[in-house]
Amino acid sequence: MIFSKALLRRHTVLPGFDLALGLTLLYLCLIVLIPLSATFLRSTSLTWPEFVEVVTSPRVVASYKLTFGSSLLAAAINAFFGLLVAWVLVRYQFVGRRLVDALVDLPFALPTAVAGITLTGLYSSNGWIGQWLEGVGVKVAFTPAGVFVAMTFIGLPFVVRTVQPILEDLSAELEEAAATLGASRWQSFTKVVLPIVTPALLTGFALAFARALGEYGSIIFIAGNMPMISEITPLLIITKLEQYDYAGATAIAVVMLVMSFILLLAINGLQAWTRKRQGK
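Rules of the game
Residue positions are given per chain, counting from 1 as you read along its sequence in written order. Where local features are concerned, this predicted model is filtered to residues with pLDDT of at least 70; where side-chain atom pairs are given and counted, the filter is 80 or more; whole-chain, interface and lining totals use all residues. As a convention, hydrogens and water are excluded, and side-chain values are obtained from all of the structure's heavy atoms. Put simply, DSSP H or I for four residues or longer makes a helix, DSSP E for two residues or longer makes a strand, and each gets a number counted from the N terminus. The classification of residues rests on relative accessible area computed with a 1.4 Å probe and restricted to protein chains. Under 20% of the type maximum is buried, over 50% is exposed, and intermediate values are partly exposed. Here a residue-residue contact requires only that any non-hydrogen atoms of the pair lie within 4.5 Å. All accessible areas in this document rest on Shrake-Rupley with a 1.4 Å probe, and a residue is counted as covered only by the protein chains that are shown. Neither His nor the chain ends is counted toward charge; the positive residues are Lys and Arg and the negative residues Asp and Glu. Think of each charge as sitting on NZ of Lys, CZ of Arg, CG of Asp or CD of Glu. Here pLDDT means the predictor's own confidence in every residue, given as a number from 0 to 100. When a carboxyl oxygen of Asp or Glu lies within 4 Å of a side-chain nitrogen of Lys or Arg, that pair is called a salt bridge. Working definition: a ring pair exists when centres of Phe, Tyr or Trp rings (six-membered ring for Trp) sit within 6.5 Å. Plane angles under 30 degrees give stacked, over 60 give edge-to-face, the rest tilted.

Participant: Explain the overall build of the protein chain here, please?
Facilitator: Helices and strands together make up the secondary structure of the protein chain, namely 14 helices and 0 strands. Secondary structure elements in the protein chain, listed N-terminal to C-terminal, are α-α-α-α-α-α-α-α-α-α-α-α-α-α. Counting over 280 residues, the protein chain shows a buried share of 38%. A sequence separation of at least 24 residues applies to 74% of the contacts in the protein chain between residues at least 6 apart. Accessible surface, the protein chain: about 16,500 Å² in total, of which carbon and sulfur atoms supply 70%. Charge-centre separation for the protein chain: the mean point of 19 positive side chains lies 8 Å from the mean point of 15 negative side chains.

Participant: Where do I start with the confidence of the model for the protein chain in this structure?
Facilitator: Regions with low pLDDT carry predicted coordinates that are not meant to be interpreted in detail. Looking at the protein chain, pLDDT values average 85 and 93% of them are 70 or higher. No element of the protein chain has a lower mean pLDDT than helix H1 (residues 2–7), at 51, and none a higher one than helix H4 (residues 58–91), at 93.

Participant: In this structure, what is going on with the pattern of salt bridges? I would like to understand it.
Facilitator: A side chain of one charge can pair with a side chain of the opposite charge if their charged atoms are brought near each other. For the structure shown, the criterion picks out 6 salt bridges. Between Asp101 and Arg161 there is a salt bridge whose closest N-O contact spans 2.7 Å. In this pair, Asp101 sits in helix H5 (residues 97–104) while Arg161 sits in helix H9 (residues 144–169), placing the two residues 60 residues apart along the sequence. A relative accessible area of 25% means that Arg161 is categorised as partly exposed. Put simply, Asp101, Asp105 and Arg161 are held in one network by salt bridges that share partners.

Participant: Honestly, the environment of Met151 in this entry has me stumped. Any pointers?
Facilitator: Relative to the assigned elements, Met151 resides in helix H9. Given a relative accessible area of 1%, Met151 falls into the buried group. Taking C-alpha positions, Met151 is 9.6 Å from Leu72, a pair spaced 79 residues apart along the chain. Excluding anything up to four places from it in sequence, Met151 contacts Thr67, Ser70, Ser71, Ala74, Asn78, Ala212 and Ile219.

Participant: So what exactly am I meant to see when it comes to the packing of aromatic side chains here?
Facilitator: A ring pair, where both rings are aromatic, is described by two values, the distance of the centres and the angle of the planes. Applying the stated criterion to the full structure yields 6 aromatic pairs. Relative to Phe51, the ring of Trp48 has its centre 5.6 Å away and its plane inclined at 15°; by these criteria the two rings are stacked. Residue Trp48 and its partner Phe51 are both found in helix H3 (residues 48–55); the two are separated by 3 residues, about one turn of the helix. Measuring from ring centre to ring centre gives 6.1 Å for Trp186 and Phe189, while their planes differ by 35°; the resulting arrangement is tilted. Here Trp186 and its partner Phe189 are both found in helix H11 (residues 185–213), 3 residues apart, which amounts to about one turn of the helix. For Trp186, a relative accessible area of 61% translates into the label exposed. An aromatic cluster is present here, built from Trp87, Trp186 and Phe189 joined pairwise through their rings.

Printed below as a string of structure tokens:
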């Protein structure tokens with residue numbers, strides 16, 4: 001009560017700190033904490049040797065490598081091109097700008113199954129893009145490359161929409177001041193613009209990574225789903241659930257959760273370090 005009264009000294013539009021905090025914790029428990037706790041509790045039906053055997057089997061490890069590796073690579077690619085797209089949308093006026101801006105949100109609105117079928121049609125051996133790629137010996141559909149393409153497609157909007165507001169608030173006068181001091185365009189970007197947008201860029205990277213990590217609908221159509229080759233971990237979890245192996249499915253899910261939390265905490269730590277450097 002003392003803590004809540006201290007906070008209520010400031011004007012607030014909420015009905016009260018205690019009520020708002022209670023509703024927040026209730027919502028958080030129902031949506032996040034209880035499902036996650038149930039996942040951990042269900043996996044305890046396995047003994048430790050059984051748990052280790054399930055989560056370290058060759059097929060599961062191969063799915064880890066494909067899922068996490070493709071997610072990180074797709075998020076990194078999206079961080080680069082997402083910054084570029086956001087820069088173009090903010091700094092330049094051109095015909096069709098509003099259309100391009102709207103198309104950025106297409107992966108948000110498009111059902112994942114439709115996205116998967118569309119990407120498969122484009123990158124298959126007789127697709128508009130795939131027929132030209134296969135002509136030079138590059139096969140995308142039904143390979144691990146297809147997983148990467150699908151993850152990149154669904155992750156780009158997260159970076160663009162995270163970085164775009166920061167660039168819109170960034171005054172062009174900062175770059176002009178740097179130019180008057182003799183800085184080149186590259187120096188103005190790396191020394192003035194990039195440090196300001198880096199926290200937002202890292203946030204977009206984390207969101208794109210998390211989205212790619214849990215993607216299922218658009219990937220299963222283009223991946224081919226071949227065990228040890230192009231099978232992602234979410235598909236393996238679904239497969240075990242269909243086989244009524246609930247303990248095995250939750251065991252793999254626990255590993256995914258723990259590894260995801262570790263990576264996201266590392267990214268958040270990098271964000272905090274970046275903000276601290278900017279404050280100096």
